[in-house]
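# Chain and residue survey
The primary structure of each chain is shown beneath.
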Amino acid sequence: MQKRKWAIILIFLLEVMLAVGSNLLLLHVQSSERDRGYRVDLGRVRQSLEQGMIPKADSFSYITDISVYDPEQITNEEYTIFPARDGTLYRITYRNKADGTPAIIILNVVWGLVILLTAGILFYIYRKVLRPFRDIAELPLELSKGNLTIPVKEEKDRYFGRFLWGMDMLRDKLESDKNDRLAMEQEKKTLILTMSHDIKTPLSAIKLYNRALSEDLYDSDEKKREAYQGIDRNLKELEKYIEEIQSTAREDFLQIAVSDGEWYLEEVMNDIERLYKEKAAERRTEFEIEPYQNCLIKGDRERGLEVMQNLMENALKYGDGRSIRISFSDEEDCRLVTVSNTGCDLPERELPNIFDSFYRGSNAEKQKGSGLGLYICRKLMQAMDGEVFAEVKGDVFAVTAVFRKR
């Protein structure tokens, strides 16, 4: 903040110095013109007198009077005496000062307007850019700390207002996700505690049957058979609880919502080309989008772009960097978009699992990741009445997103 103040002060000082300098230069120029002007007029009068002509004073800029010289006449004006051709002396009264006030006034008015305009521009920049940024300077840090209740001041400016609106939407989304996650964690903890309590009953029964059998407390084969049947029955009950726990763990823990809209395929593909053309070039990866016919797609445009970005990120991360290609085909009322990359070393037997949450293939051991990319892609595509599948062809790994046409 202190640096900005000094920068503003420096700008104003510079403009004031330029204004003073231009005033001094104008005064110097006017002085030079005055010196040259009245001397030229005097020379012209003298030349006329030598030729025997008596010129009129009003035909000159600096001459105020031309009259026969009278020694007794007293004047406060500057004058000089020239002889005429017939020997008569003439008094030439002149002024060597011109009124430069209008030029000075105009110059200073212009500089005043420039300084006011500069002040207005700086005030506008401060109010529309610097102050809004200052107001949200701590927002990213607070969000990173988990403080999601910090308010974002609304800004009606059409340029900066959208940015603030986006930041506020991000804060609301993070807060909503946090609340949903906490609620889900609470539900899961409650469920686990309930199931843990329920598990104790069959587990206690198994322990009793096992203890009785180990201590040979049953005196007949029929009672032993009943004990074995009781153990089997309680084991099945334990298996049921375990399956419920596993099912709960596999439930959709992501809040995936899509809007029911429509978008042109060309829009998303242009974004993909813009986002990844330069990135692929930096890695020296051949990146090609095959020719396609534009069409109207059903679903959420932003979610469709998210799916394509996930597929491209996987291709860059797990491919060998030689080639990435996006191709297109049609089946019934669907447009199939396939992202394929070379250098696939994923065993074909793992293909059915790659769309599971947190699953990471054997080729991903050296790469960082959470195993959620393709899982999210499938959930998004299914929410948009589409699908996604993968296949391996030699050393080429291809993932196809099936978009429903509108």
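Below is a summary of the structure that appears in this document.

## Remarks on the packing of helix H7 (residues 301-318) against helix H8 (residues 373-383)
Put simply, H7 and H8 touch, their axes get as near as 10 Å, and they point 155° apart. By the criterion of interaxial angle, the relationship of H7 to H8 is roughly antiparallel. Judged by the sense of rotation from one axis to the other, the crossing of H7 with H8 is left-handed. Residues Arg303, Glu306, Val307, Asn310, Leu311 and Asn314 of H7 form the contact with H8, whose participating residues are Gly373, Leu374, Ile376, Cys377, Leu380 and Met381.

## Considerations on the packing of aromatic side chains
Tallied over the full model, the rule gives two aromatic pairs. Between Trp263 and Phe403, the aromatic rings sit 5.6 Å apart at their centres with planes inclined by 85°, giving edge-to-face as the arrangement. Note that Trp263 is positioned in strand E4 (residues 262-264) and Phe403 in strand E10 (residues 396-404), a separation of 140 residues in sequence. Residue class for Trp263 comes out buried when judged on its relative accessible area of 2%. Given a relative accessible area of 3%, Phe403 falls into the buried group. A ring pair is formed by Tyr292 and Phe328, whose centres lie 4.6 Å apart and whose planes are at 35°; its orientation type is tilted. Taken together, the residues Tyr292 in the loop between strand E5 (286-289) and strand E6 (296-298) and Phe328 in strand E7 (residues 323-331) connect sequence positions 36 residues apart. Residue Tyr292 is classed as partly exposed on the basis of its relative accessible area, which comes to 27%. Residue placement shows Arg91 over the ring face of Tyr79; its charged tip is 4.5 Å from the ring centre. It is Arg378 that lies over the ring of Phe355; its NZ or CZ is 4.1 Å from the centre.

## Some details on the sheet that holds strand E9 (residues 387-393)
Pairing is mixed in the open sheet, where five strands are placed in the order E5-E7-E8-E10-E9. The sheet is open, and its two borders are formed by E5 and E9, each paired with just one other strand. Across this sheet, the average inter-strand angle for adjacent strands is 20°, counted without regard to direction. Against the sheet, H7 touches E5, E7, strand E8 (334-342) and E10, its axis set at about 20° to E8. Packing against the sheet, H8 makes contact with E9 and E10, and its axis sits at approximately 135° to E9.

## Some details on the sheet that holds strand E1 (residues 63-68)
Spatially, the three strands line up as an open sheet ordered E1-E3-E2, and their pairing is antiparallel. Of all strands in the sheet, those bounded by a partner on one side alone are E1 and strand E2 (78-83). Strand-to-strand twist across the sheet, computed as the mean angle between neighbouring axes with direction ignored, equals 20°. Bridge count for E1 against strand E3 (residues 89-94) is five bridges, and the pairing is antiparallel.

## Comments concerning the nonpolar core
If you look at the biggest cluster of nonpolar residues, it comprises 42 residues, and the most contacted ones within it are Ile272, Met308, Leu311, Ile326, Phe397 and Phe403. Secondary structure elements with two or more residues in this core: helix H6 (265-282), H7, E7, E8, H8, E9 and E10. If you tally residues by element for this core, the top one is H7, at seven residues. Aside from chain neighbours lying at most four places away, what touches Leu311 is Val339, Leu374, Cys377, Val399 and Ala401. By size, the runner-up hydrophobic cluster in this structure holds twelve residues, among which are Leu42, Val45, Ile63 and Phe82.

Conventions adopted
Residues numbered from 1 in each chain as written. Predicted model: local features only at pLDDT ≥ 70, side-chain atom pairs only at ≥ 80, totals over all residues. Heavy atoms only, no water. Axes fitted to C-alpha atoms, helices over the stretch in contact; angles between N-to-C directions. Helix = DSSP H or I, 4+ residues; strand = E, 2+ residues; numbered from the N terminus. Parallel < 35°, antiparallel > 145°, perpendicular 65-115°, else oblique. Left-handed = near helix turned anticlockwise from the far one by under 90°. Contact = heavy atoms within 4.5 Å. Phe/Tyr/Trp six-rings, centres within 6.5 Å; stacked < 30°, edge-to-face > 60°. Buried < 20%, exposed > 50% of the residue type's maximum accessible area, 1.4 Å probe, protein only. Lys NZ or Arg CZ within 6 Å of the ring centre and 35° of its normal. Pairing = 2+ DSSP bridges. Core = buried A, V, L, I, M, F, W, Y, C linked by side-chain atoms within 4.5 Å.

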